[in-house]
Amino acid sequence: MVSGGHCPGRRVPCVLVPHDLPPDPQRGDGLPPDPFAGDPHDPARDLLDDDHDHDDDRPMTPQEREDLVGDLSDLAVYQALLEPRGVRGIVVDCGECDEPHYHDWALLAASLKQLLDDGRMRPHEPAFDPDPDAYVSWEYCRGYADGVTASESAR
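Residues numbered from 1 in each chain as written. Predicted model: local features only at pLDDT ≥ 70, side-chain atom pairs only at ≥ 80, totals over all residues. Heavy atoms only, no water.

On to the overall build of the protein chain. Looking only at helices and strands, one finds three helices and five strands in the protein chain. What you see in the protein chain, going N to C, is helices and strands ordered as β-β-α-β-β-α-β-α. For the protein chain, with 155 residues in total, the buried portion stands at 23%. Across the protein chain, the fraction of contacts at a sequence separation of at least 24, relative to all contacts at a separation of at least 6, is 59%. Surface accessibility of the protein chain: about 11,400 Å² in total, with carbon and sulfur atoms responsible for 53%. (Helix = DSSP H or I, 4+ residues; strand = E, 2+ residues; numbered from the N terminus. Buried < 20%, exposed > 50% of the residue type's maximum accessible area, 1.4 Å probe, protein only. Contact = heavy atoms within 4.5 Å. Areas by Shrake-Rupley, 256 points an atom, 1.4 Å probe, with all protein chains shown as cover.)

Turning to the pairing of strand β4 (residues 100–104), a few remarks are in order. With five bridges connecting them, strand β3 (residues 89–93) and β4 associate as antiparallel partners. The residue bridging aspartate 93 from the neighbouring strand is proline 100, located in β4. (Pairing = 2+ DSSP bridges.)

Right, let's talk about the packing of helix α1 (residues 62–82) against helix α2 (residues 105–118) for a bit. One can describe the packing of α1 onto α2 by two numbers: an axis separation of 10 Å at closest approach and a directional angle of 165 degrees. In terms of their interaxial angle, α1 and α2 are classed as roughly antiparallel. Crossing handedness for the pair α1 and α2: left-handed. Residues Arg65, Leu68, Val69, Leu72, Leu75, Tyr78, Gln79 and Leu82 of α1 lie in contact with α2, whose contacting residues are Trp105, Leu108, Ala109, Leu112, Lys113, Leu115 and Leu116. (Axes fitted to C-alpha atoms, helices over the stretch in contact; angles between N-to-C directions. Parallel < 35°, antiparallel > 145°, perpendicular 65-115°, else oblique. Left-handed = near helix turned anticlockwise from the far one by under 90°.)

Turning our eyes to something else, we now look at the sheet that holds strand β5 (residues 135–136). The three strands are arranged β4-β3-β5 in an open sheet whose pairing can be described as mixed. One side of each edge strand has no neighbouring strand; the edge strands of this open sheet are β4 and β5.

With that settled, the discussion passes to the pairing of β3. Turn length for the β3-β4 hairpin, with the two strands adjacent in sequence and antiparallel, is six residues, and the turn residue aspartate 98 shows positive phi of about 55 degrees. As defined by bridge partners, β3 adjoins β5 across two bridges and the pair is classed as parallel. Looking across to β5, one finds that glycine 89 is bridged to tyrosine 135.

Moving on to unusual backbone geometry. Although it is not a glycine, aspartate 98 sits at a positive phi angle of roughly 55 degrees. Structurally, aspartate 98 is set in the loop between β3 and β4. Notably, aspartate 129 is not glycine yet its phi reads approximately 45 degrees, a positive angle. Within the secondary structure, aspartate 129 sits in the loop between α2 and β5.

In structure tokens:
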């Protein structure tokens, strides 16, 4: 449930958005709002290195765009097959921090759509105290979908 109000000690309204909240056209893209949107004193600006050539700044190639559209399509299939079985989303092993990252279905779909639309993903909060047993890898999803397809085509 989205709730609004004022954070204690702050004049800025705050909005709580659960990570697994489904996309809502009135709210936007399904991602939590950026609390520093439009703020010239955004602390993330200090993390940018203007002298460094970022790979993220290059435009997406047609092949990358096609692959991303395919990933979004696959994600919808995986969610339809696995969510009714209690799977909340996908876990990704991060090569940068060597920690697993847990992505609920709606958050991952919103992030991929944003990458498709904007060419980059906005940072987001990690899942709070996720149950690792409720998340599976992309490879598991692919294998499960392939197994369902093979089973249905054998009938």
